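Residues per chain are reported as follows:
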Amino acid sequence: MATTTYVALLRGINVGVSNRLPMQALRELLGGMGSAAVRTHLQSGNALFDHAPAEPERLATQLRDRITSELGLTVPCIVCEAAELRGVIDRNPYDMAGIDPARFLVAFLSGPVDPGRLKDLDPAAYAPDSFRPGEREIYVHCPDGIQKTKLSHALWEKRLGLTATARNWNTVTKLAELAGV
């Protein structure tokens, strides 16, 4: 049977004392969904897995619901085809020369960016941080660090009406490498 490699990106796990989700439990949940070759990266909710071709949104909903029903946690999930990571990397509108990849984020979204919902967002209000929309992602540069940026997932969710979770550039490129794309 043909399979597709997917990447699951979970938001807000293992960052404090709440929402603890061991990576072994995440691998088991994905395996219980019929996934194979499940592997995780770091402890922050990044997983790669092979699955029969399916809509990524359906897989995200299924994973989120399993986490809730089996672990009692409410965890936003984004799933995309691993090949899409190559597109995210290739579409990066920033020249990365001189940019610290740990201070450069990609906010992954559960749907496409509607530019009309961003048109009245004044980039100067967020300086020195900057952003540029992509297709299903927002690229965010935080030269002074990511901890206090106002360009967080909460802003994108409110503005776009979508689920969002961000990863720094090091993690994005490492996930693409692990996926072989």
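Note that the structure is a prediction, hence the values are computed from the model and not measured. (Residues numbered from 1 in each chain as written. Predicted model: local features only at pLDDT ≥ 70, side-chain atom pairs only at ≥ 80, totals over all residues. Heavy atoms only, no water.)

> Any chance you could explain the pattern of salt bridges here in plain terms?
Think of it this way: side chains of opposite charge can pair up when their charged atoms draw near. Following the criterion strictly, the structure yields 11 salt bridges and no others. Note that R91 and E84 form a salt bridge whose closest N and O atoms lie 2.5 Å from each other. For R91, a relative accessible area of 26% gives the class partly exposed. With a closest N to O distance of 3.8 Å, R103 and D100 form a salt bridge. (Salt bridge = Lys/Arg side-chain N within 4 Å of Asp/Glu carboxyl O. Buried < 20%, exposed > 50% of the residue type's maximum accessible area, 1.4 Å probe, protein only.)

> Can you walk me through the sheet that holds strand β7 (residues 137-141) in this structure?
Taken together, 4 strands build an open sheet; the order of strands is β6-β7-β5-β8 and the sheet is antiparallel. The open sheet has two edge strands, β6 (130-133) and β8 (164-168), and neither has a second partner. Along the sheet, successive strands turn relative to each other by an average axial angle of 20 degrees, direction set aside. In this sheet, β8 lies alongside strand β5 (residues 104-109) in antiparallel orientation, the contact comprising 5 bridges. (Pairing = 2+ DSSP bridges. Helix = DSSP H or I, 4+ residues; strand = E, 2+ residues; numbered from the N terminus. Axes fitted to C-alpha atoms, helices over the stretch in contact; angles between N-to-C directions.)

> Is there a simple way to think about the environment of N46 in this case?
In this fold, N46 is placed in strand β3 (residues 46-51). N46 gets classed as buried once you look at its relative accessible area, which sits at 0%. Through-space distance from the C-alpha of N46 to that of F104 is 17 Å; in sequence the pair is 58 residues apart. Not counting the four nearest positions on each side in its chain, N46 is found in contact with A8, L9, R39, T40, H41, R167, T171 and L175. Among the polar contacts made by the side chain of N46, one reaches the side chain of S44 at a distance of 3.2 Å. Polar side-chain contacts of N46 include one of 2.5 Å to the side chain of R167. (Contact = heavy atoms within 4.5 Å. Polar contact = N/O pair within 3.5 Å; in protein donor to acceptor, adjacent residues only side chain to side chain.)

> Which parts of the structure should I look at to understand the state of the cysteines?
Two cysteines form a disulfide when their sulfur atoms are joined by a covalent bond. Scanning the entire structure with this criterion turns up 0 disulfides. In this structure C77 is not part of a disulfide, and its nearest cysteine sulfur, from C80, lies 12 Å away. Among the residues examined, C77 registers a relative accessible area of 7% and is labelled buried. (Disulfide = S-S within 2.5 Å.)

> Any chance you could explain the packing of helix α1 (residues 23-32) against helix α2 (residues 56-71) here in plain terms?
Pairs of packed helices are described in terms of their axes, by the angle between the two and the distance that separates them. At their nearest, the axes of α1 and α2 sit 10 Å apart, and the two run at 120 degrees to each other. Read as a crossing pair, α1 and α2 show a hand that is right-handed. Contacts from A25, L26, L29, L30 and G32 in α1 reach L63, R66, I67, E70 and L71 in α2. The residue makeup of the contact of α1 with α2, split by class, is 7 nonpolar, 1 polar and 2 charged. (Left-handed = near helix turned anticlockwise from the far one by under 90°. Nonpolar A, V, L, I, M, F, W, Y, C, P; charged D, E, K, R; others polar.)

> Looking at this structure, how should I read the packing of helix α3 (residues 82-90) against helix α5 (residues 169-179)?
Across the interface, α3 lies against α5 with an axial gap of 9 Å and an inter-helix angle of 135 degrees. Our classification of the angle between α3 and α5 gives oblique. Here the hand of the crossing between α3 and α5 comes out left-handed. Here A82, L85, V88 and I89 of α3 come into contact with α5, specifically with W169, V172, T173, L175, A176 and A179. The class makeup of the residues in the contact of α3 with α5 is 9 nonpolar, 1 polar and no charged. (Parallel < 35°, antiparallel > 145°, perpendicular 65-115°, else oblique.)

Treat this as a map of the structure, not an account of what it does.
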